[in-house]
Amino acid sequence: MSNAVIADKPRSTLRGARLPKWAPYAIAAGSLAVGIGISLAAGLHSNIQWGLIAAVLFVVGTYVIAARVEGPRQAKDRIATSLVWVAFLLAVIPLVSLVWSTISRGVKVLDIYFLTHSMGLIADSEPGGGIYHAIIGSLEQVGLATVIAAPIGVLTAIYLVEYGRGNLARAVTFFVDVMTGIPSIVAGLFILSIMLMFEMQPFGFAGSMALAILMMPVVVRSTEEMLKLVPNELREASLALGVPKWRTILKVVLPTSLGGITTGIMLAVARIAGETAPVLLLVWGNSLINSNPFEGAQQSLPLYIYQQYANSAGSGAAYDRAWAASLTLIAFVMILNLVARGIARWKAPKTGR
Amino acid sequence: MAKRIDVSGLTAYYGSHKAIDDISMTVEPRSVTAFIGPSGCGKSTFLRTLNRMHEVTPGGRVEGKVLLDDEDLYGHGIDPVSVRREVGMVFQRPNPFPTMSIFDNVAAGLRLNGSYKKSELADVVEKSLKGANLWNEVKDRLNKPGSGLSGGQQQRLCIARAIAVEPNVLLMDEPCSALDPISTLAIEDLIGELKERFTIVIVTHNMQQAARVSDRTAFFNLSAVGQPGKLIEIDETERIFSNPSVQATEDYISGRFG
């Protein structure tokens, strides 16, 4: 590349030859061009194929060029950097494409009417209708699950970090780990078996209980990590003032870690908001508005999406509604995330003067 | 206010490891007692046994007696929480509560104990901050977070927090080791004032500091690494630094240790 320019300078042990700043971009552009060229020549039609060829060329090309100009150590540094970039792009492409296709297909029928009407009088194959009943169902089921799981999860984590010693704490940690791995359908079957014992009909709260089972270990784990981050010095400072241990936890430890705990709970909520299997088993779905989670079948957003696909026999109107409901679900989780971040920032320990 | 501490036959353990062995001493009220000695000799452990903070560490337990004006701190039915209200503590690194303002930090002891009148709170905070020589520096920003202060100010804030609950004894575990000389001087002046009202025990690695601030000095040592720490001698500070009765003390003070 720019060997000629560098050769003119006096040799210094500290200053080696450097590739110019634009070199990585040039190599990237070059490998893209070559990748497309190879694909055209070979008659490959898939975008993925020329993308992968370009990625490989980029990594190899960076190494070869840097090794020739800058030396082997810098070449290794550059190959690590380029691998990170390629991995980052590989991770981002599916995400961007998912968000893009959901938004572009979802906005077609997403409006106020869609958000405020149910599927009461509309067959799944006809246009019209909405997701009001599904939003109500999702909010109630997820809300009740959170009301059950968040306090139990936080208290369990407090026990594990502040009080737990010996075998009991080890056993609790072990079972929390096991619970993290429970497939959602198994949690659903567990509640279903109880329902069958008492000959109960499907209702929203049954779904909440299954969701709570899935949520609890996530809350315990994240809260535990947050509580461990609270410096021991703060606990000792409070204890040394003659504050009882429970008040120390309530007034010093929890406020210090509140931001992180809230974020953890919100992420757990986001996780269960998209669960379909237990809802399908226990809540059944309902095209009418049922705002009572303790009696009768209810709808929920993920279940609505599934049913629009499965029950509509390929009707375009149902597909549009499914995409719009997906967009609503993503937006719901996104808003929860933003709220969690807001709370975390607002409650974070202050350092300003 | 200030009370006398009588320790007899005190042995402290971490699990099965014996940290300090059979220590007996008397700490006079309204005076400053300094603990000196090499690292790992159990000064801090001994200090923490004086307000039952030692047992907060997992596996920590104690044998022996600590009498606070004739009442055994380790006696039957004694509540460690009440002990810590009588015997306050300042730690090596300043540790103000990060979620609380300067005002709330000082008021924390009273508020969290639940024993205060709202009308008195502001007075107590002002009195404590004045007592810690911090009032003039922070009176215009009492609502700002305590962690925004400098290290020396934070340590004085912690002292204000400790004296706000009106303890009888104030324990200080190397309170100046994280501070610069100017802040150290401020704390040392403060210790001189506080000893009018409190019994003060201070652990320090700085022998000049012990000589400057304390009335009596105790020298701790350990025979080998892993062995429990022992009290070698306790005497008037002047005698310890001029004419100690044990050779090991003189060796340590004059730098011929080890």
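See the structure above.
Let me sum up the structure you'll find in this document.

What counts and what doesn't
Residues numbered from 1 in each chain as written. Chains lettered and ligands numbered in written order. Predicted model: local features only at pLDDT ≥ 70, side-chain atom pairs only at ≥ 80, totals over all residues. Heavy atoms only, no water. Salt bridge = Lys/Arg side-chain N within 4 Å of Asp/Glu carboxyl O. Phe/Tyr/Trp six-rings, centres within 6.5 Å; stacked < 30°, edge-to-face > 60°. Buried < 20%, exposed > 50% of the residue type's maximum accessible area, 1.4 Å probe, protein only. Lys NZ or Arg CZ within 6 Å of the ring centre and 35° of its normal. Contact = heavy atoms within 4.5 Å. Polar contact = N/O pair within 3.5 Å; in protein donor to acceptor, adjacent residues only side chain to side chain. Helix = DSSP H or I, 4+ residues; strand = E, 2+ residues; numbered from the N terminus. Nonpolar A, V, L, I, M, F, W, Y, C, P; charged D, E, K, R; others polar. Patch = residues over 30% accessible without salt bridge, like charges linked within 9 Å, V, L, I, M, F, W, Y side chains within 5 Å. Areas by Shrake-Rupley, 256 points an atom, 1.4 Å probe, with all protein chains shown as cover. 1 Å grid on protein atoms, 1.4 Å probe; cavity = no way out; pocket = protein on both sides within 12 Å on 5 of 7 lines; lining within 4 Å. Points joined across faces, edges and corners; volume = space filled by probe spheres on them.

1. Re the pattern of salt bridges
Inference 1: The full count for this structure, using the stated rule, is 25 salt bridges over all chains.
Inference 2: B:Asp104 serves as the salt-bridge partner of B:Arg111, at 2.7 Å between the closest nitrogen and oxygen.
Inference 3: Via salt bridges that share partners, A:Asp177, A:Arg221, A:Glu224, A:Glu225 and A:Lys228 belong to a single interconnected network.

2. Brief notes about the packing of aromatic side chains
Inference 1: For the structure shown, the criterion picks out eight aromatic pairs over all chains.
Inference 2: Both rings, one in A:Phe174 and one in A:Phe175, keep their centres 5.4 Å apart while their planes meet at 70°; by these two values the pair is edge-to-face. By the burial criterion, A:Phe174 is exposed, and A:Phe175 matches it.
Inference 3: Taken together, the aromatic side chains of B:Phe35, B:Phe46 and B:Phe220 make up a single cluster linked through ring pairs.
Inference 4: A cation over a ring is seen here: A:Lys245 above A:Tyr163, with NZ or CZ 4.5 Å from the ring centre.
Inference 5: The ring of B:Phe97 carries B:Arg161 above its face, with NZ or CZ at 4.5 Å from the centroid.

3. Topic: the interface of chain B and chain A
Inference 1: The interface is formed by 30 residues belonging to chain B together with 22 residues belonging to chain A.
Inference 2: At the boundary of chain B with chain A, the tally comes to two salt bridges.
Inference 3: Among the salt bridges present, the one from B:Arg48 reaches A:Glu236, with a minimum N-O distance of 2.8 Å.
Inference 4: Across the chain B-chain A interface, the total number found is four residue pairs in polar contact (both at pLDDT 80 or more).
Inference 5: For the side of chain B that touches chain A, the leading source of residues is helix 3 (residues 102-113) of chain B, giving four residues.
Inference 6: Each residue belonging to the side of chain B that touches chain A can be placed in one class, and the counts come to 15 nonpolar, eight polar and seven charged.

4. Details of unusual backbone geometry
Peptide bonds are trans in most cases, and residues, glycine excluded, mostly fall at negative phi.
Inference 1: Residues other than glycine seldom take positive phi values, yet A:Glu199 does so here, at roughly 50°.
Inference 2: On the secondary structure map, A:Glu199 appears in the loop between helix 8 (184-197) and helix 9 (204-229).

5. Some thoughts on the side chain of A:Ser315
All names here are of chain A.
Inference 1: Locating Ser 315 in the fold gives a position in the loop between helix 13 (301-310) and helix 14 (316-347).
Inference 2: From its side chain, Ser 315 meets the backbone oxygen of Ser 125 in a polar contact 2.9 Å long.
Inference 3: Within the local environment of Ser 315, its side chain forms a polar contact with the backbone nitrogen of Ala 317, the two atoms lying 3.3 Å apart.
Inference 4: Beyond its immediate chain neighbours, meaning those up to four positions away, Ser 315 contacts Asp 124 and Ser 125.

6. Comments concerning a nonpolar patch on the surface
Residue and element names in this part refer to chain A.
Inference 1: A cluster of nonpolar side chains, contributed by Leu 95, Leu 98, Val 99, Ile 103, Val 107 and Ile 330, occupies part of the molecular surface with about 490 Å² of accessible area.
Inference 2: If one sorts the elements of the nonpolar patch by residue count, helix 4 (residues 72-106) sits on top with four residues.
Inference 3: With relative accessibility at 36%, the residue Ile 330 sits in the partly exposed group.

7. Some words on the layout of surface pockets
One way to see where empty space is left: roll a probe the size of a water molecule over the atoms.
Inference 1: In this structure, the largest pocket encloses a volume near 780 Å³.
Inference 2: Lining of the largest pocket is provided by 28 residues; of these, A:Pro24, A:Ala28, A:Phe58, A:Ser82 and A:Trp85 occupy positions nearest its centre.
Inference 3: Elements with a minimum of two residues in the lining of the largest pocket: helix 2 (23-42), helix 3 (47-69) and helix 4 of chain A.
Inference 4: Residue contributions to the lining of the largest pocket peak at ten residues, all from helix 4 of chain A.
Inference 5: Residue classes in the lining of the largest pocket are distributed as 17 nonpolar, six polar and five charged.
Inference 6: A:Glu162, A:Arg165, A:Leu239, A:Lys245 and B:Val56 are the residues nearest the centre of the second largest pocket, which is lined by 18 residues in total.

None of the figures reported here should be taken as evidence of function without further support.
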